Amino acid sequence: MAREQWTSKLGFILAAAGSAVGLGNIWRFSYVVGTEGGAAFILIYLAIVFLIGYPLLTTEIAIGRVTQRNPVGAFKKLAEGTPWWLVGALGVLTGFVILSFYSVIAGWSVAYTVKALQGFSADADFVGMFVGHITHPTIPIYWHFGFMLVNILIIGAGVVNGIQRVAKTMMPLLFILLLGLVVRGLTLPGSGAGVAFMLTPDLSEVTGQTFLRAIGQAFFTLSLGMGALITYGSYLSRKDNVADSAAWVVGLDTGIALIAGLAIFPTLFALNIPPDSGVGLAFMVLPSAFSVMPGGIVFGTMFFALLSVAALTSSISLLEVVVAWITDEKGWPRWKASFILGGLIFLLGVPAVMGYSTLSHINIAGMDILDTYDFLASDIFLPLGGLLTAIFAAHVWKTKNAVSEINDPKGKIVFGGWYGPLVGVVIPVAVGVVMIYGLYSKFFL
Ligand code: PHE
């Protein structure tokens, strides 16, 4: 059977941006910026996105396109008979872990769509509402189950095109709604402190852990370091320009994160919610914005519905990595792979849900179960996968081959002589140092 291909360059950009733009831009970005101290963190994150994220994103797409394989198969094809395929395997494992908790948060988001439809009353206790939701022993498990089921059905059917069409209309809508929230937030009394929080860096807050979390956030939001872009790149036509498409994905993803920050932080300061409230931040802040907004029911419902759709276009890319691996490498039928692997991912997510209820006594180095999954996968596995992919591209696949795959065959040179030193030396060293120092300062300082 011929390998499926995106119908156009735009199709690829939308699918890849659909993977990148998700809960990472709104839920994770706001909560990590809040706990890591604001503007200084954002600056470090932006530097990492452009100096490390963009070149690596481009590299992953190129590896996928040249091999036309899932991550494990891609490394096998470019370096036969070596252990490099383990980097692809790490990616598959990472996708598995990320999706298990991602689906839990997406489930919260779907549940909040229903709550928004009933209307948020202005004097409600939004912190209590959120805590009440996540600590319920069963309800969040049902939402998690429902969300995984939708993923399984979409990936099982292989309707990349169906979801692509959805993403095309939903993404611009989400963007417009976010802009509306920015205006709403900025016009609340006391919101200026939120803007200052995002724009005035306080360097005394910066530690080794700040850099580690910034790398983790950059990789997470760009879907980087676990082969999602290798997999999507493997469906990209030879005619399309890799460097250009990658620039679009990075630009859209970063822009949406910053706008989400502007929608959340001013509102939060106006409402006196502490920025370091953790994983529930967006779910506590946004409903209160809707509760005092004219047409809040309509906008609130649309917002959480769109957030759920954005989550869906990301989560299917996570499931696609796992499923592409087992269908390519082990010859499983797509449906069987989706159901079995999706089912296992659901099960792995259950303890993450229960970490807020039945298992709330479990605490691992100050983190609950969901936090632990997130930390392990996003702050350790993703950067490690990215570091190894960078070394691989420059030294095993070779700079010359990578660069010629990335640049336009018609001669437009975007990636030049700097690629080898940057991707082969600077990025691995920088990521490696940050990982070692960040882990040391998290656990020993
Ligand atoms: N980038 C997605 C988001 O921001 C999450 C994701 C991570 C998707 C890794 C695929 C791979 O929500």
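Relevant structure appears above.
Attention here is on the structure that accompanies the text. Computed from a predicted model, the values in this text were never measured in an experiment.

A few points about the site of the ligand
Link 1 in the chain: Around the ligand, the structure places 14 residues, and the nearest of them are A20, G24, Y102, F220 and S223.
Link 2 in the chain: Between S19 and the ligand, the recorded distance is 3.2 Å, taken from a backbone N or O atom to a nitrogen atom.
Link 3 in the chain: Contact distances for the ligand include 3.0 Å between a nitrogen atom and a side-chain N or O atom of S223.
Link 4 in the chain: With the chains in place, 100% of the 330 Å² that the ligand exposes on its own is no longer accessible.
Link 5 in the chain: Sorting the residues of the shell around the ligand by element identifies α1 (9-20), α2 (23-35), α10 (208-221) and α14 (296-330) as the ones contributing at least two each.
Link 6 in the chain: Residues that form the shell around the ligand fall into these classes: six nonpolar, eight polar and no charged.

Some thoughts on the environment of G132
Link 1 in the chain: Its location among the elements puts G132 in helix α6 (residues 126-135).
Link 2 in the chain: Measuring from C-alpha to C-alpha, the distance between G132 and S357 comes to 9.8 Å, with 225 residues separating the pair along the chain.

What about a nonpolar patch on the surface?
Link 1 in the chain: Taken together, the side chains of V425, V426, V429, V433, Y437, Y440, F443, F444 and L445 make up a nonpolar region of the molecular surface, amounting to roughly 950 Å² of accessible area.
Link 2 in the chain: Checked against the element boundaries, F443 lands in helix α17 (residues 419-444).
Link 3 in the chain: A relative accessible area of 42% places F443 in the partly exposed class.

A short note on unusual backbone geometry
Link 1 in the chain: A positive phi angle, near 60 degrees, is found at S223, a position not held by glycine.
Link 2 in the chain: What makes S223 buried here is its relative accessible area of 11%.
Link 3 in the chain: Positioned with a positive phi, N272 is a non-glycine residue whose angle comes to about 60 degrees.
Link 4 in the chain: Note that N272 resides in the loop between α12 (242-270) and α13 (281-291).
Link 5 in the chain: Taking the relative accessible area as the measure of exposure, N272 reaches 69% and is therefore exposed.

What counts as what
- Residues numbered from 1 in each chain as written.
- Predicted model: local features only at pLDDT ≥ 70, side-chain atom pairs only at ≥ 80, totals over all residues.
- Heavy atoms only, no water.
- Near = heavy atom within 4 Å.
- Polar contact = N/O pair within 3.5 Å; in protein donor to acceptor, adjacent residues only side chain to side chain.
- Areas by Shrake-Rupley, 256 points an atom, 1.4 Å probe, with all protein chains shown as cover.
- Helix = DSSP H or I, 4+ residues; strand = E, 2+ residues; numbered from the N terminus.
- Nonpolar A, V, L, I, M, F, W, Y, C, P; charged D, E, K, R; others polar.
- Patch = residues over 30% accessible without salt bridge, like charges linked within 9 Å, V, L, I, M, F, W, Y side chains within 5 Å.
- Salt bridge = Lys/Arg side-chain N within 4 Å of Asp/Glu carboxyl O.
- Buried < 20%, exposed > 50% of the residue type's maximum accessible area, 1.4 Å probe, protein only.

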